[in-house]
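# Chain and residue survey
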Amino acid sequence: MEKIQIKYFTDKIEPLRYIDGKSDWIDLRASEDVELKQGEFRLIPLGIAMKLPKGYEAHIVPRSSTFKNFGIIQTNHHGIVDETYCGDNDQWFMPVYAMRDTQIHVNDRICQFRIVEHQPAIEFEQVDHLEGADRGGFGSTGKA
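First, a word on what this report is: a plain description of the structure on this page. (Residues numbered from 1 in each chain as written. Predicted model: local features only at pLDDT ≥ 70, side-chain atom pairs only at ≥ 80, totals over all residues. Heavy atoms only, no water.)

## Focus on the packing of aromatic side chains
Taken as a whole and judged by the stated rule, the model has 1 aromatic pair. Pairing W92 with F113 gives two aromatic rings, centres 5.3 Å apart and planes at 90°, and the pair type is edge-to-face. Here F113 lies in strand β11 (residues 109–117) and W92 lies in the loop between β8 (79–82) and β9 (93–98), a separation of 21 residues in the sequence. Owing to a relative accessible area of 1%, W92 belongs among the buried residues under this scheme. (Phe/Tyr/Trp six-rings, centres within 6.5 Å; stacked < 30°, edge-to-face > 60°. Helix = DSSP H or I, 4+ residues; strand = E, 2+ residues; numbered from the N terminus. Buried < 20%, exposed > 50% of the residue type's maximum accessible area, 1.4 Å probe, protein only.)

Below, the structure written as C-alpha cells:
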C-alpha cells in the first residue's frame, strides 16, 4: 500500500479517508465558508496539499450531488494535480462557477479525487482502416 504525505491547512475539515469497499474515490471538502452570487467564479480552497508518488496524478471531479446541493459547476470539469505540485504551499483548490446564489460551508463535501498512474508513453500509427467492429459513429449508442 502506498503512503502519501498530506498537509492540512486547517483543522476545521475532517481528515481524508478511504472508504474501503464503497468506492475508490475520496471526498474533498471546502476549507472555508464561501458565498457566491449567480454568475460568480471562485477558487474554493480544499485545505490540503499532497506529495504524490512519482508517476502518479490526482483526478479531481465534482461529487454527483454537487450541482444539486450547491448549484456550482467545476470550470475545468476535470482537474489534474500531478506529482510536481507538491510544495508546502501547494494547496488544492476547486475552480467553480455559480449557476445560482449559493452558500458553501466549511467541511461541505464538494468534490472527490482518485490517484492514478500517468498514461504510458504511446506512439500513434496512421492507418487507412481500423481493425474492429464499426458501431456507427456516435458514443456508445451509435446514434446521433
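## Notes on the pattern of salt bridges
What the rule picks out here adds up to 7 salt bridges. Residues E14 and R29 are paired through a salt bridge, measuring 3.4 Å at the closest nitrogen-oxygen approach. Of this pair, E14 sits in the loop between β1 (5–8) and β2 (26–29) while R29 sits in strand β2; the two residues are 15 residues apart in sequence, bridging distant segments of the chain. Salt-bridge contacts for R114 lead to D24; the nearest nitrogen and oxygen are separated by 2.3 Å. (Salt bridge = Lys/Arg side-chain N within 4 Å of Asp/Glu carboxyl O.)

## Considering the sheet that holds strand β4 (residues 41–45)
Strand order in this open sheet of 3 strands is β4-β9-β7, and the pairing throughout is antiparallel. Each edge of the open sheet is held by one strand with a lone partner, namely β4 and β7 (72–74). The average undirected angle you get between the axes of adjacent strands in this sheet is 40°. Inspection of the sheet shows β7 paired to β9 by 3 bridges, in the antiparallel sense. Directly across from I72, in β9, lies its bridge partner A98. (Pairing = 2+ DSSP bridges. Axes fitted to C-alpha atoms, helices over the stretch in contact; angles between N-to-C directions.)

## A short note on the nonpolar core
The biggest cluster of nonpolar side chains holds 24 residues, and the ones touching the most others in it are L28, I44, I72, W92, I104, I110 and F113. Taken together, the elements giving at least two residues each to this core come down to β2, β3 (34–36), β5 (48–51), β6 (56–62), β9 and β11. (Core = buried A, V, L, I, M, F, W, Y, C linked by side-chain atoms within 4.5 Å.)

## What to know about the pairing of β2
Neither face of β2 is exposed, since I26 and L28 on one face and D27 and R29 on the opposite face are all buried. In this sheet, β11 lies alongside β2 in antiparallel orientation, the contact comprising 4 bridges. Looking at β11, one finds that I26 is bridged to F113.

## A few points about the layout of surface pockets
Of the pockets and cavities examined, the largest pocket occupies roughly 580 Å³. Forming the walls of the largest pocket are 17 residues, and the residues nearest its centre are E2, I4, Y18, I26 and I115. Where the lining of the largest pocket is concerned, the elements lending two or more residues are β1 and β11. A per-element tally of the lining of the largest pocket places β11 first, with 3 residues. (1 Å grid on protein atoms, 1.4 Å probe; cavity = no way out; pocket = protein on both sides within 12 Å on 5 of 7 lines; lining within 4 Å. Points joined across faces, edges and corners; volume = space filled by probe spheres on them.)

## Quick look at a nonpolar patch on the surface
A cluster of nonpolar side chains, contributed by F41, L43, F67, I73, Y85, F93, Y97 and M99, occupies part of the molecular surface with about 710 Å² of accessible area. For the nonpolar patch, the secondary structure elements donating two or more residues are β4 and β9. With respect to the helices and strands, the residue Y85 is situated in the loop between β8 and β9. For Y85, a relative accessible area of 32% corresponds to the partly exposed category. (Patch = residues over 30% accessible without salt bridge, like charges linked within 9 Å, V, L, I, M, F, W, Y side chains within 5 Å. Areas by Shrake-Rupley, 256 points an atom, 1.4 Å probe, with all protein chains shown as cover.)

## Here we look at the sheet that holds β6
Spatially, the 4 strands line up as an open sheet ordered β2-β11-β6-β8, and their pairing is antiparallel. Two strands lie at the open edges of the sheet, namely β2 and β8, each paired on one side alone. Across this sheet, the average inter-strand angle for adjacent strands is 30°, counted without regard to direction. Pairing of β6 with β8, which is carried by 4 bridges, proceeds in the antiparallel orientation. Among the inter-strand pairings, E57 is bridged to a residue of β8, identified as D82.

Functional significance is not addressed by these values, which are geometric in nature.
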